[in-house]
Amino acid sequence: MSITPELTAQILRYHHAEHWPVGTISSQLGVHRETIMRVLTQAGVAPNVPAQRASGVTPYMPFIEQTLKQFPSLTASRLHAMVVERGYGGRPDHFRHIIARHRPRPPAEAYLRLRTLPGEQCQCDWGHFGHIQIGQAKRPLMAFVMVLSWSRRIFLRFFLGAHMENFLRGHVQAFESWGSLPRVVLYDNLKSAVLERKGQAIRFNPALLTLAGHYHFEPRPVAPARGNEKGRVERSIRYIRDNFFAARAFSSLDDLNAQADAWVAGAASQRRCPEDTKLSVQEAFEQELPQLRELPATPFSCEELKIVSASKTPYIRFDLNDYSIPHTHVQRSLTVHASLNEVRILDGQQVLATHRRCWDKGAQIEIDAHLDELVQHKRAARAHRDTDRLVHAVPQIQTLLNEAAKRGEPLGRTASQLQELLDVHGRTPMTAAVADALDRGVPHPNAVRLALERQRQQQTPPPLGVALPEHVRERDIAVRPHSLDGYDQLIGNQDDAND
């Protein structure tokens with residue numbers, strides 16, 4: 001603790017003139033006693049320090065030091081159990097503090113400052129910035145950060161998750177933002193870059209290798225547990241946390257990224273360049289641009305590709321939400337091509353539907369035409385079933401419908417009227433009436449109705465029209481007559497009783 005000359009003079013006056021002890025000076029001035037002892041010692045005064053009591057662990061210190069020298073990572077709890085077996089009676093918490101002071105420390109490692117040439121290298125990593133709530137979905141807010149190692153030019157883009165497609169999108173957008181790219185991209189050993197590593201044997205993520213092949217850069221992972229090798233991107237993430245994201249208000253992910261672009265082009269680019277403090281980052285970036293490599297003619301495609309299965313309903317599930325499809329493609333495997341703003345559903349090469357992407361959870365994103373077509377299909381199927389029932393009851397009706405279709409008559413209304421006549425008059429009269437209408441060459445429900453009317457005039461009483469519900473019309477009710485022998489026996493017994 002640094003103290004003022006006035007306070008130093010006051011401590012010395014209370015000690016020499018008033019003969020106050022160290023504890024009294026500490027309590028009256030509100031200064032720690034070790035600070036007061038340091039002031040007195042620097043003034044050539046040996047303060048009266050009470051003698052330290054002998055610690056109970058002192059006899060066991062040679063054993064503890066020898067054990068720690070042989071096993072430096074041995075836990076304090078295990079050491080405490082070992083010295084308790086040898087007679088120590090102290091508490092474990094106090095013993096833990098003693099071991100912390102005597103445990104051997106590894107020697108501090110010195111690092112060389114790594115320097116790169118302009119246009120040679122950039123460093124890349126993810127930064128986690130909490131979560132963002134979108135409707136019912138709570139999604140991780142991840143920052144993709146890429147830094148040019150020489151000029152310290154930053155690219156910053158926030159994504160909803162750190163999956164592989166967003167990792168590739170970050171690369172493509174960073175290269176397009178700079179209008180060029182370096183020769184080497186340095187990574188940590190994250191799974192998006194390195195799937196497996198055994199010493200110098202490295203198995204890269206195939207998607208990253210495809211990206212590197214398209215842009216012709218070298219993906220290079222740092223050595224394991226050597227985060228200092230990509231310290232530029234680590235410091236940039238810390239710089240982003242403290243100077244951009246802290247207390248930042250934003251209404252959406254697009255708003256946050258727009259603010260990030262403005263900050264990168266403004267404050268982040270106007271700071272001094274560590275490689276040459278005479279230059280700003282923007283000026284250093286302009287000097288580095290000629291050393292960077294040109295972009296290929298076509299950008300890399302970063303769409304998400306996923307095989308999905310459509311169930312009985314006209315929807316597919318993708319990323320926590322349901323998207324509608326035509327009813328003709330249910331119960332089959334389809335392919336989803338998704339960008340950050342759009343979801344396309346394909347059956348082979350055929351595009352079935354294109355939706356805006358939804359980042360909510362449990363939402364149904366629909367195209368009205370898909371559901372309208374399904375409703376119309378259901379209605380047409382119902383009319384087809386009604387026609388089948390008519391033809392099954394009166395086979396000649398099929399011929400009548402064919403002739404009516406040739407004349408341009410509406411088949412749905414024709415079938416509905418014929419069904420009403422069949423419900424009222426029954427199968428036998430209807431068969432004769434349809435045959436009469438066909439013989440007269442008039443395939444129309446009115447001709448069938450007139451034929452039934454002529455039959456009615458020859459019969460008494462006329463049939464009564466009863467409108468039955470559909471579920472009753474669709475089933476045949478068989479009535480089994482009961483035997484009347486029991487009634488005859490009852491009548492015979494009654495006659496015997498009267499006699």
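A brief structural summary. (Residues numbered from 1 in each chain as written. Predicted model: local features only at pLDDT ≥ 70, side-chain atom pairs only at ≥ 80, totals over all residues. Heavy atoms only, no water.)

Let us now look at the overall build of the protein. In terms of helices and strands, the protein carries 19 helices and 16 strands. Considering the protein as a whole, with its 499 residues, one finds that 37% of them fall into the buried category. Of the contacts made within the protein by residues no fewer than 6 positions apart, 58% connect residues no fewer than 24 positions apart. With an accessible surface of roughly 30200 Å², the protein has 52% of that area assigned to carbon and sulfur atoms. (Helix = DSSP H or I, 4+ residues; strand = E, 2+ residues; numbered from the N terminus. Buried < 20%, exposed > 50% of the residue type's maximum accessible area, 1.4 Å probe, protein only. Contact = heavy atoms within 4.5 Å. Areas by Shrake-Rupley, 256 points an atom, 1.4 Å probe, with all protein chains shown as cover.)

On to the sheet that holds strand E12 (residues 321–324). Spatial ordering of the open sheet is given by E11-E12-E16, a layout of 3 strands whose pairing is mixed. On the outer flanks of this sheet lie strand E11 (315–318) and strand E16 (364–365), each paired with one strand and no other. Alignment of E11 against E12, held across 4 bridges, turns out to be antiparallel. Looking at E12, one finds that Tyr315 is bridged to Ser324. (Pairing = 2+ DSSP bridges.)

What follows is about the packing of helix H16 (residues 427–439) against helix H17 (residues 445–457). Running from amino to carboxyl end, H16 crosses H17 at an angle of 125 degrees, the nearest separation of the two axes being 8 Å. The angle between the axes of H16 and H17 places the two elements in the oblique class. Note on packing geometry: the crossing formed by H16 with H17 is right-handed. In this structure, H16 uses Pro429, Met430, Ala432, Ala433, Val434, Asp436 and Ala437 to contact H17, whose residues at the interface are Ala447, Val448, Ala451, Leu452, Arg454 and Gln455. (Axes fitted to C-alpha atoms, helices over the stretch in contact; angles between N-to-C directions. Parallel < 35°, antiparallel > 145°, perpendicular 65-115°, else oblique. Left-handed = near helix turned anticlockwise from the far one by under 90°.)

What follows is about the layout of surface pockets. Reported here for the second largest pocket is a volume of approximately 390 Å³. Taken together, 20 residues make up the lining of the second largest pocket; nearest its centre are Leu253, Asp254, Asn257, Asn341 and Trp359. Elements with a minimum of two residues in the lining of the second largest pocket: strand E1 (121–134), strand E3 (154–159), helix H7 (164–178) and helix H10 (253–265). In terms of residue count, the dominant contributor to the lining of the second largest pocket is H10 (5 residues). In terms of residue class, the lining of the second largest pocket is made up of 10 nonpolar, 6 polar and 4 charged. (1 Å grid on protein atoms, 1.4 Å probe; cavity = no way out; pocket = protein on both sides within 12 Å on 5 of 7 lines; lining within 4 Å. Points joined across faces, edges and corners; volume = space filled by probe spheres on them. Nonpolar A, V, L, I, M, F, W, Y, C, P; charged D, E, K, R; others polar.)

Below, the discussion takes up the pairing of strand E15 (residues 350–356). Bridge analysis of strand E14 (residues 342–347) against E15 gives 6 bridges, and the strand direction is antiparallel. Of the residues in E15, the one forming a bridge with Arg344 is Thr354. In textbook terms, the turn of a hairpin is the stretch between consecutive antiparallel strands, and for E14 and E15 this stretch comprises 2 residues, one of which, Gly348, has a positive phi near 70 degrees.

This paragraph deals with the pattern of salt bridges. When the charged atoms of two side chains with opposite charge come close together, those side chains can pair. This structure, assessed with the given rule, holds 17 salt bridges. Here the salt bridges do not stand alone but share partners, grouping Arg139, Arg169, Glu304, Asp319 and Arg357 into one network. (Salt bridge = Lys/Arg side-chain N within 4 Å of Asp/Glu carboxyl O.)

Our focus in this paragraph is unusual backbone geometry. A positive phi angle, close to 70 degrees, is found at Arg152, a residue other than glycine. Along the chain, Arg152 falls in the loop between strand E2 (137–148) and E3. With a relative accessible area of 6%, Arg152 lands in the buried category.

Applying the stated criterion to the full structure yields 19 aromatic pairs. Summarising the aromatic geometry, the rings of Phe175 and Phe217 are spaced 5.8 Å apart at their centres and angled 65 degrees between planes, so their arrangement reads as edge-to-face. One end of the pair, Phe175, is in helix H7; the other, Phe217, is in the loop between helix H8 (206–215) and strand E7 (218–221), and 42 residues separate them in sequence. You'll find Phe175 and Phe217 in the same group, each marked buried. Through a chain of ring-to-ring contacts, three or more aromatic side chains come together here, namely Phe129, Phe158, Tyr239, Phe244, Phe245, Phe250 and Trp263. Over the ring of Tyr14 we find Arg13; its NZ or CZ atom is 4.7 Å from the centre of that ring. Directly above the aromatic system of Phe129 lies the positively charged group of Arg241, at a separation of 4.4 Å from the ring centroid. (Phe/Tyr/Trp six-rings, centres within 6.5 Å; stacked < 30°, edge-to-face > 60°. Lys NZ or Arg CZ within 6 Å of the ring centre and 35° of its normal.)

So, about helix H2 (residues 22–29). If you check which residues of H2 are buried, you get Val22, Ile25 and Ser26. The arc enclosing the buried residues of H2, seen along the axis, measures out at 100 degrees, which places them on a common side. For H2, exposure combined with an orientation more than 90 degrees from the buried face picks out Ser27 and Gln28. Tucked inside the fold, the buried residues of H2 contact helix H1 (5–16) and helix H3 (33–42). At the C-terminal side of H2, Gly30 shows a positive phi close to 70 degrees. (Arc of directions from axis to C-beta.)

Next up on the list: the nonpolar core. In terms of nonpolar packing, the biggest core is built from 32 residues, with Met146, Phe167, Tyr187 and Phe217 touching the most fellow members. Listing elements by their share of this core, those giving two or more residues are E1, E2, E3, H7, strand E4 (184–187) and H8. Discounting residues that sit within four places of it in the chain, Met146 has contacts with Cys122, Gln123, Cys124, Arg153, Ile154, Phe155, His171, Ala174, Phe175, Trp178 and Val185. Residues Phe129, Leu156, Ile237 and Val264 belong to the second largest nonpolar core, which totals 22 residues. (Core = buried A, V, L, I, M, F, W, Y, C linked by side-chain atoms within 4.5 Å.)

Taking strand neighbours across the sheet as the criterion, the 5 strands line up as E3-E2-E1-E4-E7 in an open arrangement whose pairing is mixed. In this open sheet, the two strands that pair with only one neighbour each are E3 and E7. Between one strand axis and the next, the sheet turns by 25 degrees as a mean value, whatever way the strands run. In this structure, E4 lies alongside E7, joined through 4 bridges in parallel fashion.

At a minimum axis distance of 10 Å, the contact between H1 and H3 shows a crossing angle of 80 degrees. One finds that H1 runs roughly perpendicular with respect to H3. Contacts from Thr8, Ile11, Leu12 and His15 in H1 reach Ile36, Val39 and Leu40 in H3.

Where strand E5 (residues 194–198) and strand E6 (residues 201–204) come together, 4 bridges link them in antiparallel fashion. Within E6, the residue paired with Val194 across the bridge is Phe204. Between the antiparallel neighbours E5 and E6 lie 2 residues, among them Gly199 with a positive phi of about 65 degrees.

Before going further, it helps to spend a moment on H10. With 13 residues, H10 should reach 18 Å at 1.5 Å per residue; the first-to-last C-alpha distance of 18 Å fits that figure. Where H10 is concerned, the buried positions are Leu253, Leu256, Asn257, Gln259, Ala260, Trp263 and Val264. Projected down its long axis, H10 shows its buried positions confined to an angular sector of 160 degrees, all on one face. Projecting away from the buried face of H10 at angles above 90 degrees are the exposed residues Asp254 and Ala262. (Expected span 1.5 Å × (residues − 1).)

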